[in-house]
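One letter stands for each residue in the lines below.
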Amino acid sequence: MTSHQTTQTMKPATAAKKLGVYLEATPAEFQEGVVSRSELNALQADPPQWLQELRRTGPHPRPVVAAKLGVSIAGLARGGVTEALTTEQIDALKQENPEWLQKERATQAEVRKEAVRIKEKNAQRAEESEESKDKRS
């Protein structure tokens, strides 16, 4: 009995997401085909010129724009940014530093602080739980 292993493929949108690029800005042959796992790995390991350029100058998808601005994706939407932005546009927004961006960055900073606090609290609980188990044994 021979086993036939099928090649795992993904839609271009999924591959673009994994590569951190805006699908509509990729070459037509990338958008129209399917991408195998090995092709994706090859693109990540040795990105072609078009991929390097997209990552450097954009346009970037919303998750990348949000990360570059230090805000959440929801924060982008609240700020009225719904389209992909180029690196140049992101840098201009940073320079301009509108009120919404300042507010969203502050909100994001609070969210991160709270996440750290919760993580520390959970670690402390786990430690206390281990100590009480040791005492009972």
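Residue numbers run consecutively from 1 along every chain, following the written order of its sequence. Residues qualify for local features only when their pLDDT is at least 70, as the model is predicted, and side-chain atom pairs are given and counted only at 80 or more; totals for whole chains, interfaces and linings, by contrast, use all residues. To obtain the side-chain values, all non-hydrogen atoms of the structure were used and water was disregarded.

Thoughts on the overall build of the protein chain
- Secondary structure elements follow DSSP: runs of H or I of four or more residues count as helices, runs of E of two or more count as strands, with numbering from the N terminus. Tallying secondary structure elements over the protein chain gives eight helices and two strands in all.
- Each of the three principal axes of the protein chain carries a C-alpha extent, and together these read 65 × 65 × 25 Å.
- Counting across all 137 residues of the protein chain, residues that qualify as buried make up 26%.
- In the protein chain, the proportion of contacts linking residues at least 24 apart, taken out of those at least 6 apart, comes to 56%.
- The Shrake-Rupley method, run with a 1.4 Å probe sphere, supplies the accessible areas, and residue values consider only the shown protein chains as cover. Per element, the accessible surface of the protein chain, about 9800 Å² overall, is 50% carbon and sulfur.
- For this count, His and the chain ends are skipped, Lys and Arg are scored as positive, and Asp and Glu as negative. Where a charge lies is defined by one atom per residue type: Lys uses NZ, Arg uses CZ, Asp uses CG and Glu uses CD. Each charge class in the protein chain was averaged separately, 21 positive and 20 negative side chains, and the resulting centres sit 6 Å apart. For every residue, the accessible area obtained with a 1.4 Å probe (protein chains only) is divided by the maximum for its type, and the residue is called buried under 20%, exposed over 50%, and partly exposed between those limits. Contacts: residue pairs with any heavy atoms within 4.5 Å of one another.

Focus: the packing of aromatic side chains
- Two aromatic rings from Phe, Tyr or Trp, using only the six-membered ring of Trp, form a pair when their centres are within 6.5 Å; if the ring planes differ by under 30 degrees the pair is stacked, by over 60 it is edge-to-face, and anything between is tilted. On inspection of all chains with the given rule, the structure shows one aromatic pair.
- Judged by centre distance (5.4 Å) and plane angle (55 degrees), the rings of Phe30 and Trp50 are tilted. One end of the pair, Phe30, is in helix 2 (residues 28-32); the other, Trp50, is in helix 4 (residues 49-57), with 20 residues separating them in the sequence.
- Phe30 sits in the buried class, given a relative accessible area of 9%.

A look at the side chain of Gln108
- Mapped onto the elements, Gln108 comes out in helix 8 (residues 99-136).
- The contact partners of Gln108, leaving out residues within four places of it in the chain, are Gly70, Val71 and Ser72.

Overview of the pattern of salt bridges
- Each salt bridge in this description consists of a side-chain nitrogen of Lys or Arg and a carboxyl oxygen of Asp or Glu lying within 4 Å of one another. Using the criterion set out here, one finds four salt bridges in the structure.
- The residue Arg56 makes a salt bridge to Glu53 at a minimum N-O spacing of 2.9 Å. Of this pair, Arg56 and Glu53 both sit in helix 4, three residues apart, which is roughly one turn of the helix.
- Arg78 is the partner of Glu104 in a salt bridge, and the nearest nitrogen-oxygen pair spans 2.9 Å.

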